[in-house]
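# What the coordinates show
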Amino acid sequence: MSRAKRKLEHIGYALKTGQYRLSGFEDIMFVHQSLPGIALSEINLTTKIGELSLSSPIFVNAMTGGGGKETEIVNRDFAIAARENGVAMAVGSQMAALKEREQRASYEIVRRVNPDGIIIANLGSEASVAQAREAVDMIRADAIQIHLNVIQELTMPEGDRCFRGALERIKAIAGSLNIPVIVKETGFGMALETVDALASAGVSIIDIGGYGGTNFARIENERRNRVLSIFNEWGITAAASIVEAKNASPRVSVLASGGIQNAGDIAKSIALGASGTGLAGYLLKIYKQDGVDGLIAEISNLQNDLKFIMTALGKRTIQELQEARLVIKGDTYHWLLQRGIDASVYSR
């Protein structure tokens, strides 16, 4: 099967398998503040993610590209929505364009449509420094994601089976590029041990890509003759991954993703320690249902709803929201307890 056809299959199966709302955010509850003492007009959504300064903590996470004209149209429309709402956007893996030059247009369209926006390049951990530079130059990227997708590759019928040297390649990229390097999981979460290793390799931004959103094991199992069912339930929830990442290395900026679907999830992610939150599968569903105008409206609604939540909590800035008091219960509490993390610090 061609790489382009596989990219289109992934979009179809992502919409088919959907999201199961298993990200752990139902275990997170804010401590209500009856006297917040601020006004909605005071809320400021600007945030710092590593060296990046963003006008909003919400960004469009990596989805697609490399599937010909169809993925070019998708990326064009998402770039329009990102531009209209002033949010950052990551493209899907650019390896397709490095191997097949005719696929470059499906990525280059993003910068052409949004010339002044924050655009994030994307490659897998098999990439070399030279390939990372080419991917960045292709879209004049402000940062690059290096994605980790071991479970997807193992489940993918034609996927990789060797993962040696990934940390060394990531270290080389982080030490060679003059833009931020973000290491991102693709839906199975990150443990504190992984984050600690990445921080030691010079990575300053981690996208935990937690379990609970688009499930690439389920997507690839749709394409297999013999299903690897164990991987369908594999991973660390988004909520638990954020806490693990922050406990691994306080100096690392954490991005939350993995089944985030509303402003409540976004606010909880930030209160757990994230500096930004990426949405992909949820926005793709909105786009397919309501088109680019509906997508623009939904991102705007998410930002406005987040402002209402921050007002209720008495938190004027994203930095203040990171200090909001919350209680962790249920499976997330028990997970953190067994991992040696004191969840009660969030409530005091």
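Described below are features of the structure shown in this document. Source: prediction; values computed, not measured.

### Points about the overall build of the chain
When helices and strands are counted, the chain shows 14 helices and 12 strands. Taking 2.2 N^0.38 as the reference for a compact globule, 348 residues should give roughly 20 Å; the C-alpha atoms of the chain span a radius of gyration of 19 Å, in line with that estimate. Taken along the three principal axes of its C-alpha coordinates, the chain extends 60 × 40 × 40 Å. By residue count, 57% of the 348 residues in the chain fall in the buried class.

### Describing the pairing of strand β10 (residues 253-256)
Every second residue of β10 is oriented toward a common face, with Ser253 and Leu255 on one face and Val254 and Ala256 on the other, all of them buried. Sheet topology places strand β9 (residues 205-207) next to β10; three bridges connect them, and they run parallel. By the bridge assignment for β10, Ile205 is matched with Ser253. Here β10 pairs with strand β11 (residues 276-279) via two bridges, running parallel. Each bridged residue has a counterpart across the sheet, and for Ala256 the counterpart in β11 is Thr277.

### Regarding the sheet that holds strand β4 (residues 58-60)
The sheet built from eight strands closes into a barrel, its strands ordered β4-β5-β6-β7-β8-β9-β10-β11 with parallel pairing. Between one strand axis and the next, the sheet turns by 30° as a mean value, whatever way the strands run. By the bridge criterion, three bridges tie β4 to β11 in an arrangement that is parallel. Counterpart to Ile58 in the pairing with β11 is Thr277.

### Observations regarding the pattern of salt bridges
Tallied over the full model, the rule gives 13 salt bridges. Asp77 serves as the salt-bridge partner of Arg76, at 2.9 Å between the closest nitrogen and oxygen. For Glu233, the salt bridge identified is with Arg218, shortest N-O distance 2.7 Å. A residue pair is termed long-range when its members are at least 10 positions apart, and Glu233 in the loop between α9 (216-221) and α10 (238-248) and Arg218 in helix α9 qualify at 15 residues.

### Structural notes on the side chain of Ser125
With respect to the helices and strands, the residue Ser125 is situated in the loop between β6 (119-124) and α5 (129-139). Taking the relative accessible area as the measure of exposure, Ser125 reaches 15% and is therefore buried.

### What about the packing of aromatic side chains?
This model, assessed by the stated rule, comprises two aromatic pairs. Judged by centre distance (5.1 Å) and plane angle (80°), the ring pair of Phe231 and Trp234 falls under edge-to-face. A relative accessible area of 13% means that Phe231 is categorised as buried.

### Some remarks on the packing of helix α2 (residues 69-85) against helix α12 (residues 281-313)
Axis separation between α2 and α12 bottoms out at 9 Å; the angle between their running directions is 15°. The pairing of α2 with α12 is recorded here as roughly parallel in orientation. Considering how the two elements wind past one another, α2 and α12 form a crossing that is right-handed. Seen from α2, the contacting residues are Ile73, Val74, Asp77, Phe78, Ile80, Ala81, Glu84 and Asn85; seen from α12, they are Leu283, Leu284, Tyr287, Val292, Leu295, Ile296, Ile299, Ser300 and Gln303. Residue classes in the contact of α2 with α12 are distributed as 12 nonpolar, three polar and two charged.

Calculation notes
- Residues numbered from 1 in each chain as written.
- Predicted model: local features only at pLDDT ≥ 70, side-chain atom pairs only at ≥ 80, totals over all residues.
- Heavy atoms only, no water.
- Helix = DSSP H or I, 4+ residues; strand = E, 2+ residues; numbered from the N terminus.
- Rg over C-alpha atoms; globule rule 2.2 N^0.38 Å.
- Buried < 20%, exposed > 50% of the residue type's maximum accessible area, 1.4 Å probe, protein only.
- Pairing = 2+ DSSP bridges.
- Axes fitted to C-alpha atoms, helices over the stretch in contact; angles between N-to-C directions.
- Salt bridge = Lys/Arg side-chain N within 4 Å of Asp/Glu carboxyl O.
- Phe/Tyr/Trp six-rings, centres within 6.5 Å; stacked < 30°, edge-to-face > 60°.
- Parallel < 35°, antiparallel > 145°, perpendicular 65-115°, else oblique.
- Left-handed = near helix turned anticlockwise from the far one by under 90°.
- Contact = heavy atoms within 4.5 Å.
- Nonpolar A, V, L, I, M, F, W, Y, C, P; charged D, E, K, R; others polar.

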